[in-house]
Number of protein chains: 2
Amino acid sequence: MIAPSLERDVPIGSLALDCGVTLPDVVQRVSIYGEPRADGSNMVLVNHALTGSSRVAEWWGEIVGEGKLFDPRTFAVAGINVLGSCYGSTGPATPAPGGRPYGATFPVVSVGDMVRAQRRALEILGLQRFAVVIGGSLGGMQAIEWAMQAPGAVGHVIAVGAYDHFSTMGIALNAVAREAIRVARTPQQGVELARKIAMLTYKSEALFAHRHGRKFDRKGGDPTKRTGDRFDIEGYLDHQGALFSTRMVPEAYLTITRAMDLFETRDRKLGFPAPRFTFAGISSDWLFLPEYVRAAAARFAAEGADSAYVELRSDHGHDAFLAEPEHLRGLLAPRLRDLYEAAATG
Amino acid sequence: MIAPSLERDVPIGSLALDCGVTLPDVVQRVSIYGEPRADGSNMVLVNHALTGSSRVAEWWGEIVGEGKLFDPRTFAVAGINVLGSCYGSTGPATPAPGGRPYGATFPVVSVGDMVRAQRRALEILGLQRFAVVIGGSLGGMQAIEWAMQAPGAVGHVIAVGAYDHFSTMGIALNAVAREAIRVARTPQQGVELARKIAMLTYKSEALFAHRHGRKFDRKGGDPTKRTGDRFDIEGYLDHQGALFSTRMVPEAYLTITRAMDLFETRDRKLGFPAPRFTFAGISSDWLFLPEYVRAAAARFAAEGADSAYVELRSDHGHDAFLAEPEHLRGLLAPRLRDLYEAAATG
C-alpha cells in the first residue's frame, strides 16, 4: 500500500452550516498521493463513504495505486476526512469551545457542508481544479454535490452506488441504526448493533448464502439445541461489529448517517459549464437501488450534461464498490481514456 | 369481524422438543370459525405469522369471513397460537414448574415442534383431516411442515411468502432484531427497535417512497435543523414500535424468530399420498425472495406432488400477504375451485 506524499490538518476557520449553526475553528484532514500539476489537470479527489478516512489508498487500493485506476505517478489523488467524522477532521469527538468534546451537541451537518469545508481546505492548499471527483455511497453523494456547488471546477464526476438524493428506505435504515446507538446499555453495544444492521444493507442474500449458508458457527455450538448458540452468519456479524466499535465514535456515526438522510439535489439545477458524469449502479444493491442511480444519470443528461450510466453486475450488494474494485476499475477505465491520453502527453 | 364459534385452551400434556428438552403441561389456544364436518372435508387450518394469534379473522379478514376466500358458512376454519408465543399457548410468559415464568429460560422451539403441538391439540378436538392448511411467512413455514409431518392428512398446502427453508439474510435480520432486545436499556425499547428493524424487512422502498417520501414528520420539526427532529418515515416507525411493544413479550419474540431461523426441510423427502401445493411469492418481497418461493414449488413438483407457483405482484413487500388480501384472494381462489364445488355439493 502506498503512503500519502502529503498529509495535513488544514484549519479553514469557522463554517456556517446549512442548519444555521456556525461551527468555529474547523479543521480538514487532507491526504494527497502524487504531485499536483499547477493547472489541476492531473488532480483527482476521492470522497470516502460512511466509515472511511482521507487515506484513500488504504480502503480503495485498486482505485488508487501504481497500475490502478488512478496511478499516483501520473495523477495527484486527494482524500479528505468528512466534516463530522472521527479520522482527523472536525467532528463530535473534537473539543468544543468550552474544551470538552461536542459529543451529542454536535450540530446537524449536510453533504453540502462537507463539500464546502473540502473546497475551502483544498483552496488553501492551492487546489481549485479537479480532473475527476469520484466516490462510492456517501462518497458518491459528495461527488454529485461537488458538481452542484462547483460545476466548472470539476472535469468528471463519478458516483458509484449513489444517486442525486437518498431514499426513504435509506433514511429508515439509518434511523434504526441510530436508534441502536441511543437505546443500547453501552455505546460499544450500540455501535456494534448499528454496524450489524448496516452490514446487512451493504451485502446480499446471494453473497451470504454462498459464504455462510445455514452453517453453524465455525467456533462451535448448535443453535438447534441452545438459545445462546449461533449460526455462522451470526458469528460473522458479531466479529464485524466488534471490529467496528473500536474505530468509530458513536456520535460521528449519528452525524454522518444524518447527512446522508438529508441529501437531496433534485430541487437544484446543474450549472454550466458542467462536468461529465459517470454513474455506476450495482445490480444487487438494495440500499442504493440501481434504478435510482440510472435515473440520476438520465436526469443530468436531460439537464444537458454528458452523463452516462454503467452497471456493476455483482452479487456483493452495495459493498461491491469496495469488494469488487478490479471489476469497478474495468468498468470505469474506458470512461477515462481521454484523461489517460491527456495525462500521458501533458 | 366475525367471532370464533369455539375457542379453547387445549392441554396436550408434555412435549418432547427437537432441542432435546421436554416441555411439561403444554397448552394450545385454538379458535374455530364455522362448523367442522365429521369427514374433515370442509376443515381449513390457518397458521399465523410471527406476531399473529389464533383469531385468524382478526388479522386475515379477507381470507376468513363471509364471502371471503374461506366462508365460515361453508368451511370450518381453525387458528392456533404457536408454541412459544404469548397469545394463549405455552410460551416464555407461561409459568414454569417452579411457578415463575420461563422468560429467557424457555427452550429452543422449532417449526416442527409447533406443528406437532398443533396436531395433538386438533386431534384432541377430533380434527385429523384438513382440506387446506394455509399460512403466510412463518405461517407458510408451518403449512409446509404440516405436509412433511402429515402428508396424508392435508388436501392442499398453501404457503404465501414462504418456502421450504429460511435464508441466510433472514437469519441475519432476525439476529439483529434479537440483539436489539438483548442490548437495549429496557425491554420496551428493545422490542420497539426489533419491530422497527423487522418493519423495514416487511415493506419496500416503493411503498415507503410513495407513502412517506422525504417529507418531514407530520407532527412537525425540521431534521435539517435539529438533531432530534424526524422525517415522516421515522415518525411512522416510532408509532409502529410503540404499538407493538404493548402486545409482545420480548422472550416470545426471541423464541419465535429463532424457530424461523431453524426451518429447513430440504433434507427431508415428502411422503405420499401428498397434498396439493400452492406457493405464492410476492414480487417485492426481499425477506422471503420470490425466486426461493418458486424454487420450493419446483422442488415439490420434482418430488412428484401437484405443486404450483403463483406470484402476487405488489409493491408492499413481504407484508403484501396481509396488506393486499383481496389481491391474494383473487390469486388463490382459482386454485380452490374443486374444493368450492365439493363444499357446495357436500
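See the structure shown above.
All values derive from a computational prediction rather than experimental measurement.

## So, the environment of Asp25(B)
Residues and elements named next belong to chain B. Assignment of secondary structure puts aspartate 25 in strand 2 (residues 22-33). Overall, aspartate 25 belongs to the exposed group, its relative accessible area being 64%. Once the C-alpha coordinates of aspartate 25 and glycine 13 are considered, the two residues, 12 residues apart in sequence, prove to be 4.7 Å apart. In contact with aspartate 25, other than residues within four places in its own chain, are Gly13, Ser14 and Thr90.

## Some details on the layout of surface pockets
The calculated volume of the largest pocket comes to roughly 750 Å³. Lining of the largest pocket is provided by 27 residues; of these, Trp286(A), Leu289(A), Ser284(B), Trp286(B) and Leu289(B) occupy positions nearest its centre. When residues of the lining of the largest pocket are traced back to their parent elements, those giving at least two are helix 6 (205-211) and helix 9 (290-302) of chain A together with helix 6 (205-211) and helix 9 (290-302) of chain B. No other element matches the three residues that helix 9 of chain B contributes to the lining of the largest pocket. In terms of residue class, the lining of the largest pocket is made up of 11 nonpolar, seven polar and nine charged.

## Things to note about the interface of chain A and chain B
Between chain A and chain B, the contact holds 56 residues from the first and 56 residues from the second. Connecting chain A to chain B are eight salt bridges. Our count for the contact surface shared by chain A and chain B stands at 30 residue pairs in polar contact (both at pLDDT 80 or more). Sorting the residues of the side of chain A that touches chain B by element identifies helix 4 (168-183), helix 5 (187-202), helix 6, helix 7 (232-245) and helix 8 (250-261) of chain A as the ones contributing at least two each. A class-by-class count of the residues in the side of chain A that touches chain B yields 28 nonpolar, nine polar and 19 charged.

## Regarding the pairing of strand 2 of chain B
Residue and element names in this part refer to chain B. In this structure, strand 1 (residues 6-16) lies alongside strand 2, joined through nine bridges in antiparallel fashion. Counted as the bridge partner of alanine 16 is threonine 22 from strand 2. Linking two consecutive strands that pair antiparallel, namely strand 1 and strand 2, is a turn of five residues; a positive phi of about 105° is found at glycine 20 within it. Relative to strand 4 (residues 76-80), strand 2 is paired through four bridges, and the arrangement is antiparallel. The partner of valine 30 across the bridge, within strand 4, is isoleucine 80.

## A closer look at the sheet that holds strand 7 (residues 276-282) of chain A
All names here are of chain A. Strand order across the open sheet formed by eight strands is 1-2-4-3-5-6-7-8, with mixed pairing between neighbours. In the strand order of this sheet, the two ends are held by strand 1 (6-16) and strand 8 (307-312), each with one partner. Neighbouring strand axes in the sheet, compared pairwise and without regard to direction, differ in orientation by 20° on average. Here helix 3 (residues 138-149) sits on the sheet and contacts strand 3 (43-47), strand 5 (130-136), strand 6 (154-160) and strand 7; the angle it forms with strand 5, its principal contact strand, is near 145°.

Cut-offs applied
Along each chain, residues carry numbers from 1 onward, in the same order as the chain's sequence is written. For this description, chains carry letters from A and ligands carry numbers from 1, given in the order in which they are written. Only residues with pLDDT of at least 70 are given local features in this predicted model, and only at 80 or more are side-chain atom pairs given and counted; all residues enter the totals for whole chains, interfaces and linings. Side-chain numbers come from the whole structure's heavy atoms, not from hydrogens or water. For helices the rule is a DSSP run of H or I covering at least 4 residues; for strands it is a run of E covering at least 2, with both sets numbered from the N terminus onward. Partly exposed residues are those whose accessible area sits between 20% and 50% of the maximum for their type, while under 20% is buried and over 50% is exposed, using a 1.4 Å probe and protein chains only. Whether two residues are in contact is decided by their heavy atoms, any of which lying within 4.5 Å being enough. Computed over the protein atoms alone on a 1 Å grid, cavities are sets of points where a 1.4 Å probe fits but cannot get out and pockets are open sets with protein on both sides within 12 Å along at least five of seven lines; a residue lines them when it has an atom within 4 Å of a point. Grid points are joined across faces, edges and corners, and a volume is the space filled by probe spheres set on the points. Basically, the charged four are Asp, Glu, Lys and Arg, the nonpolar ten are Ala, Val, Leu, Ile, Met, Phe, Trp, Tyr, Cys and Pro, and anything else, Gly included, counts as polar. Any Lys or Arg side-chain nitrogen found within 4 Å of a carboxyl oxygen on Asp or Glu counts as a salt bridge. Pairs of N or O atoms are called polar contacts if they sit within 3.5 Å, as long as, within protein, a hydrogen donor faces a hydrogen acceptor (for residues adjacent in sequence, only side-chain-to-side-chain pairs). Strand pairing is assigned whenever DSSP detects at least two bridges linking the two strands. A fitted line through C-alpha atoms serves as each axis, taken over the contacting stretch for helices, and the angle formed by two N-to-C directions is quoted from 0 to 180°.

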